[in-house]
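A structural walkthrough
Each chain, written out:
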Amino acid sequence: MTAVQDAPAAPQKEIGRDRRRKEDQRLITGRTRWTDNITLPGMLHLAMVRSPHAHARIVSIDTAEAKTSTNVVDVLTGADLGEGQGVNINAWPITPDQVTPTHVPMPSDRVACAGEIVACVVARSAAEARDAAELVDVEWEVLPAVLDLKKAAADEVLAHPDLGTNKSAYWKFDSEEAGTGGNVDEAIAKARTDGIVIEREYRQQRLIPAFMEPRSVVVDPTGEQITMWSATQIPHILRFALAATTGVPESKIRVIAPDVGGGFGGKLQTTPEEFIAWAVARRLGKPIKYTETRSESLVSGHHGRDQWQRLTLAAEKDGTVTGLKVDLLADLGAYVAIVGGGVPVLGAFMFNSIYKFPAYQFGVQTVLTNSTWTDAYRGAGRPEATYAIERLMDELAVEVGVDPIAIREKNWINADEFPFTTVAGMEYDSGDYAAATARAKEMLGYDELRAEQKRRRESNDPVQLGIGVSTFTEMCGLAPSRVLGSLDYGAGGWEHASVRMLATGKVEIVTGASAHGQGHETAFSQIVADRLGVAFEDVEVLHGDTQISHKGLDTYGSRSLVVGGEALVKATDKVIERAKPIAAHMLEASADDIEFSGGRFSVRGTDQGVAIAEVAMAAFAAHDLPDGVEPSIDSEATYDPVNFNFPHGTHLCAVEVDTETGGVKMRKYACCDDIGNIINPLIVSGQVHGGLVQGIAQALWEEALFDESGTLVTGSFVDYLLPTSADTISFDIDHTTSPSLTNTLGTKGVGEAGTIASTPAVVNAVVDAIRHFGVNDVRMPCTPERVWKAIHANDGGDPTERAAMPHFGDEDVAGNQETPGASSTEGAGA
């Protein structure tokens, strides 16, 4: 065969290029295939009958009237479905003696939280099913419910009386016992004598993921396989759970996650609705669809956060930290969800953050209550940890009498100290906290704002300026498998990918990572296009279907790029290696003399070469292959990281607080993140901006509230305050680059960075603005009411001051602060 002599120009490099997402064209033009868009012949629809009570015994369920309703096919209860409905799994028992209530999708005897499903209606349309569900008559025996986290820990009222306790598990890490540091109690005792001890208690309020697309599921039992379409982050794990708990062989189950409209961890779950739709479809032998309403989503989709944090920080008089002790109460809700108690355990390794603590102890008591179960929400344990330590570092700076950045600089890991093994046993591979901080200060105009703040204080301006600091790191890329195994996590942390070179020169990628808005199709195409030297447009990404992507561990924990992307790199490199013998044969040269660059194989020292597309065609034709060489260059790989990876950054926020009303207005926000090498800056910007808004929303607006009976009173977007573009400002973002040393691409995760860092930056700013009133904390969300009360807490109860106080909601409703509607957004926006 004659070799091609003239080499065409190499394609433009894709990595580092601003590429608009391939996915967006179909997303913004309505050509998506959401699960709710799927229609199958003969398909029936489900509506759920849910408990209005937080804790109650089911005395009886009368379905007679509902069964006679128009176009109703059947009405089913838990007793009807029996064991065939499966069970919702907990994949992470954090201790061997963890108390784990059985989570049946549709119980037949007792409900443990409001919104739990006790019956379902099957009808020919969704509207008819919902109408008939209103006719199902359930007789209840209301039982005592426990909703307050601290009261639940006292075991006076039991969420599950049969278990005998609300305490699910206690997990502890101690640096002295682990051999990673000293004795924290000794460090604290010494600091009480001749140093500084800071003790604080912080509240992580309950949040709702509030993804854009409600959860939806379609099950088709009519083929050789049972096929489930679901708006899920975890199609592979869902397939395993169905097989493991219902007895259907895994080979007979196909799970498809089509276009999925956001998740933020909220679709990292095997849900009761999925199992019920599965059981009903198998029972009736017909396709079944269920799509939740927004109100159902808010009450029955899992919630996030919900912790009490008690912390003790020890330091020398100059502010050098010497010890940190953390005690958590974590609300699991009514059941232990798929990750469940593992969420605070993830945070355990991050409370020490970027600081050189010589001694550290962490303990968490997970607790069951009669509320919606909790699980991972964007950041999963790491936002909670970052919030606590960054609040504490501000408190330490005040005690020492130095700038908040100075106290951090005194204690952080220096760039020349990497790799650095932390007191929590993590090995940070790379970073430069000083560089990120310097850039963030420059963007914010930090020194100028401090000067303005001083002027406002001196003039007693009713609108005070506050500046908040958050210097963070996180562990992400949930892996490696051995570490997860040592923590008793029920799965591995690897990811799988395959790369197919088609005869036409086009490329198909199959990945086990399942996208729900991250831009996988674009970023993965860029990686493979660069690696193979093919056009970006010639790469197609396939995912989210267990029939096509037969192996995978799905998407969560900022793992898609740093784990899934590395699997792609390994598979792509195997393609090149498999192609070399064929290229050598085509060029009549030794394989040892073949080089590959820019999509071409060439003979070292000559201009002879062939394109990889030509090699793919030669392999397909198989007319003249070397002896013993297979007629394919397709390859696959499974990648299991050797370490987590550790992005970091500095986030600075300036707010204005109206001391007369408590209103908070964001003035400026600047952040500089170090996420290693960047594949697509445009996608990264979108991830950071979205994460910032979610973190800021926790600081200022969002909180899930239950009343005394366990009803979710923030059960709509009228009461659960999600920010809009009118409530936020433009953000100034930038990046420094310390490439990861543990993966080929040098990348680090970014999907959760903005959420992790922004919450403490905003709250620190609010507290900084009113600290001169004697305030050292404002409980989140920092509503006008809470800010006003904090300012006037030391008034001495002056009745004229109290008379002038605007009317707010009642205090302490089921352990929460205010009734819904009190959390006004007045003054919160730009």
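If you're wondering where the values come from, they're calculated on a predicted model, not measured in any experiment. The residue numbering used here restarts from 1 in each chain and proceeds along that chain's sequence as written. Reporting of local features is limited, given that this is a predicted model, to residues whose pLDDT is at least 70; pairs of side-chain atoms are given and counted only at 80 or more, and all residues count toward the totals for whole chains, interfaces and linings. Note: side-chain values were computed over all heavy atoms of the structure, leaving out hydrogens and water.

Below, the discussion takes up the overall build of the protein. Put simply, DSSP marks the helices as runs of H or I at least four residues long and the strands as runs of E at least two long, and each gets a number from the N terminus on. From N to C terminus, the protein includes 23 helices and 28 strands. Atoms considered for the radius of gyration are the C-alpha atoms alone. The globule rule reads 2.2 Å times the number of residues to the power 0.38. In terms of overall dimensions, the protein is globule-like: its C-alpha atoms have a radius of gyration of 28 Å, near the 28 Å expected for 830 residues. Its C-alpha atoms give the protein principal-axis dimensions of roughly 95 × 70 × 50 Å. The burial tally for the protein puts 62% of its 830 residues in the buried class. Put simply, 80% of the contacts in the protein that link residues at least 6 apart link residues at least 24 apart. Of the roughly 29800 Å² that the protein leaves accessible, carbon and sulfur atoms contribute 49%. Note on classification: 1.4 Å probe, protein chains only; a residue is buried when its accessible area is under 20% of the maximum for its type, exposed when over 50%, partly exposed between these limits. Between two residues, a contact is recorded if the distance between any of their heavy atoms is within 4.5 Å. Each accessible area value is a Shrake-Rupley result obtained with a 1.4 Å probe; residue values ignore everything except the protein chains displayed when judging cover.

The subject of this paragraph is the side chain of Glu752. Of note, Glu752 is situated in the loop between strand E28 (732-736) and helix H21 (753-770). Those residues in contact with Glu752 that sit more than four places away from it in its chain are Arg378, Gly379, Arg382, Glu474, Cys476, Gly557 and Ser558.

Attention now moves to the packing of aromatic side chains. Any Phe, Tyr or Trp ring, taking Trp's six-membered ring, that has another such ring centre within 6.5 Å forms a pair; planes under 30 degrees apart are called stacked, those over 60 apart edge-to-face, and the others tilted. All chains considered together, the criterion is met by 13 aromatic pairs. With a centroid separation of 6.0 Å and 65° between ring planes, the pair formed by Trp171 and Phe362 is classed as edge-to-face. Highlighted residues: Trp171 in strand E7 (residues 167-174) and Phe362 in strand E15 (residues 360-368), separated in sequence by 191 residues. Ring centres of Tyr335 and Trp373 lie 5.8 Å apart, and the angle between their planes is 70°; this geometry places the pair in the edge-to-face category. One end of the pair, Tyr335, is in the loop between strand E14 (321-333) and helix H11 (342-348); the other, Trp373, is in the loop between E15 and helix H12 (382-400), and 38 residues separate them in sequence. On the accessibility criterion, Trp373 (7% relative accessible area) is buried. These aromatic residues form a ring-pair network of at least three members: Trp171, Phe173, Phe349, Phe351, Tyr360 and Phe362. Over the ring of Phe211 we find Lys267, and its NZ or CZ is 4.6 Å from the ring centre. Look at NZ for Lys and CZ for Arg. If either is within 6 Å of the ring centre and within 35 degrees of the ring normal, a charge sits over the ring. A cation over an aromatic ring shows up here: Lys551 above the ring of Trp494, its NZ or CZ 5.5 Å from the ring centre.

One frequently used descriptor of interface size is the decrease in accessible area upon assembly of the parts. Under the domain assignment, the protein is made up of domain 1 (24-32 + 494-639), domain 2 (42-381) and domain 3 (429-479 + 644-820). Domain segmentation is taken from an automatic or database assignment of domains. Using C-alpha coordinates to define each centre, domain 1 is positioned 38 Å away from domain 2. Opposite the 19 residues of domain 1 that make contact, domain 2 presents 19 residues. Of the roughly 1500 Å² buried where domain 1 meets domain 2, counting both sides, 45% is carbon and sulfur surface. The largest contributions to the domain 1 side of the interface with domain 2 come from His516, Thr546 and Asp554, which together make up 40% of the buried area. The salt bridge definition used is simple: a Lys or Arg side-chain nitrogen within 4 Å of an Asp or Glu carboxyl oxygen. Our enumeration of links across domain 1 and domain 2 arrives at two salt bridges. Contacts described as polar in this section are N or O atom pairs within 3.5 Å, which, within protein, must combine one atom able to donate a hydrogen with one able to accept it, while residues neighboring in sequence count only if both atoms come from side chains. Applying the counting rule to domain 1 against domain 2 returns ten residue pairs in polar contact (both at pLDDT 80 or more). Note: buried area is the sum, over both parts, of the accessible area (probe 1.4 Å) each one loses when the two are combined.

Bringing the sheet that holds strand E27 (residues 664-674) into the picture now. Between any two strands, at least two bridges found by DSSP are needed for them to pair. With respect to topology, four strands assemble into an open sheet ordered E18-E26-E27-E28, the strand pairing being mixed. Each edge of the open sheet carries a strand with a single partner, namely strand E18 (463-473) and E28. Along the sheet, successive strands turn relative to each other by an average axial angle of 15°, direction set aside. Alignment of E18 against strand E26 (residues 648-658), held across eleven bridges, turns out to be antiparallel. Its bridge partner lying in E26, Leu465 is registered against Glu656. Helix axes are fitted only over the stretch in contact, all axes being lines through C-alpha atoms; the angle between N-to-C directions runs from 0 to 180 degrees. Relative to E18, H21 is tilted by about 145°, and along the sheet it contacts E18, E26 and E27.

The next point concerns the pairing of E15. Here E15 lies mainly inside the structure; nine of its nine residues are buried. Residues Tyr360, Phe362, Val364, Thr366 and Leu368 line one face of E15 and the alternating positions Gln361, Gly363, Gln365 and Val367 line the opposite face, and both faces are buried. For E7 and E15, the ladder comprises seven bridges, and the chain directions are antiparallel. The residue bridging Lys167 from the neighbouring strand is Val367, located in E15. Crossovers are described as right-handed under a simple rule: with the strands pointing away from the observer, the path leading from the first strand over the helix to the second runs clockwise. Of the crossover connections in this fold, the one passing from E14 over H11 to the parallel E15 is right-handed.

Turning next to empty space enclosed by the protein. Here a cavity denotes grid points, spaced 1 Å and computed from the protein atoms alone, that fit a 1.4 Å probe unable to get out, and a pocket denotes an open set having protein on both sides within 12 Å along at least 5 of 7 lines; residues with an atom within 4 Å of a point are the lining. Grid points are joined across faces, edges and corners, and a volume is the space filled by probe spheres set on the points. Evaluation of the coordinates by the stated rule reveals eight cavities of 30 Å³ or more. Its boundaries defined by the atoms lining it, the second largest cavity holds a volume of some 90 Å³. Along its surface, the second largest cavity is lined by 14 residues, and Arg215, Ser216, Ser230, Thr271 and Glu274 are the ones closest to its centre. Within the residue set of the lining of the second largest cavity, elements represented by two or more residues are strand E9 (216-220) and helix H9 (272-284). Side-chain classes are defined by residue name, with Ala, Val, Leu, Ile, Met, Phe, Trp, Tyr, Cys and Pro counting as nonpolar, Asp, Glu, Lys and Arg as charged, and the others, Gly among them, as polar. The residue inventory of the lining of the second largest cavity, partitioned by class, reads three nonpolar, six polar and five charged.

Here we take up the confidence of the model for the protein. Across the protein, the average pLDDT comes to 93, with 95% of residues at 70 or higher. Note: pLDDT gives the predictor's confidence per residue, expressed from 0 to 100. Low confidence marks residues 1-5, where pLDDT is under 50. Its contacts with residues over four positions away, or in another chain, come to twelve contacts. With pLDDT under 50 throughout, residues 797-830 is counted as low confidence; its partners more than four residues away or in other chains account for 79 contacts.

Let us now look at the environment of Pro287. By the element assignment, Pro287 lies in the loop between H9 and strand E12 (288-291). Its relative accessible area of 5% is what places Pro287 among the buried residues. With 61 residues separating them in the primary sequence, Pro287 and Ile226 have C-alpha atoms 9.7 Å apart.

Our next topic: the sheet that holds E15. Strand pairing in a sheet is mediated by backbone hydrogen bonds. Such pairs are either parallel or antiparallel. An order of E7-E15-E14-E13-E8 is seen for the five strands of this open sheet, with the pairing classed as mixed. Two strands lie at the open edges of the sheet, namely E7 and strand E8 (196-207), each paired on one side alone. In this sheet, neighbouring strand axes are inclined to one another by 10° on average, regardless of whether the strands run parallel or antiparallel. Where strand E13 (residues 304-315) meets E14, nine bridges bridge the pair, whose relative direction is antiparallel. What sits directly across from Thr312, in E14, is Lys325.

A separate point is a negative patch on the surface. Patch membership is restricted to residues that have no salt bridge and whose relative accessible area is over 30%. Joining uses 9 Å for like charges and 5 Å for the nonpolar side chains Val, Leu, Ile, Met, Phe, Trp and Tyr. Asp and Glu count as negative and Lys and Arg as positive, but His and the ends of the chain are not part of the count. Working definition for charges: the position is that of NZ of Lys, CZ of Arg, CG of Asp or CD of Glu. Together, Asp62, Glu65, Asp137 and Glu139 give the surface a local cluster of negative charge. The partly exposed category is assigned to Glu139, whose relative accessible area is 45%.

This part takes up the state of the cysteines. Put simply, a disulfide is two cysteine sulfurs that come within 2.5 Å. Counted under the stated rule, the structure contains zero disulfides. Left without a disulfide partner, Cys782 is nearest to the cysteine sulfur of Cys653, which lies 11 Å away.

Packing of helix H15 (residues 446-458) against H21 brings their axes to within 11 Å, and their N-to-C directions diverge by 35°. In this structure, H15 uses Arg450, Gln453 and Arg457 to contact H21, whose residues at the interface are Asp768, Ala769 and Ile770. The residue inventory of the contact of H15 with H21, partitioned by class, reads two nonpolar, one polar and three charged.

This structure, assessed with the given rule, holds 53 salt bridges. Of the charged contacts, one joins Arg215 and Glu273 as a salt bridge, the two residues approaching to 3.5 Å between their closest N and O atoms. Pair noted here: Arg215 is in the loop between E8 and E9 and Glu273 is in helix H9, with a separation of 58 residues, a long-range link. Of the two residues, Arg215 and Glu273, both sit in the buried class. Residue Arg786 pairs with Glu703 through a salt bridge whose shortest N-O separation is 3.2 Å.

Okay, helix H18 (residues 560-586) next. A helix's residues, less one, multiplied by 1.5 Å, set its expected span. Between its terminal C-alpha atoms H18 stretches 37 Å, which fits the 39 Å expected from 27 residues at 1.5 Å a residue. By the largest-angle criterion, Lys580 marks the main kink of H18, which is about 35°, and a proline, Pro581, follows within four residues. Positive phi appears at Glu588, one or two residues downstream of H18, with a value of about 55°. The quantity called bend is, for any residue, the angle between two axes fitted respectively to the seven residues ending at it and the seven beginning at it.

Here we come to the nonpolar core. If you look at the biggest cluster of nonpolar residues, it comprises 130 residues, and the most contacted ones within it are Leu46, Trp171, Leu313, Phe351, Phe362, Tyr669 and Leu700. There are two domains that each give this core at least three residues, and those are domain 2 (42-381) and domain 3 (429-479 + 644-820). With residues near it in sequence (within four places) discarded, Phe351 still touches Gln309, Leu311, Leu324, Val326, Leu328, Tyr360, Phe362, Glu384, Ala385, Ala388 and Ile389. Buried residues of nine kinds, namely Ala, Val, Leu, Ile, Met, Phe, Trp, Tyr and Cys, make up a nonpolar core once their side-chain atoms join them within 4.5 Å. Core analysis: the second largest hydrophobic core is formed by 45 residues, Val499, Ile509, Val563 and Leu745 among them.

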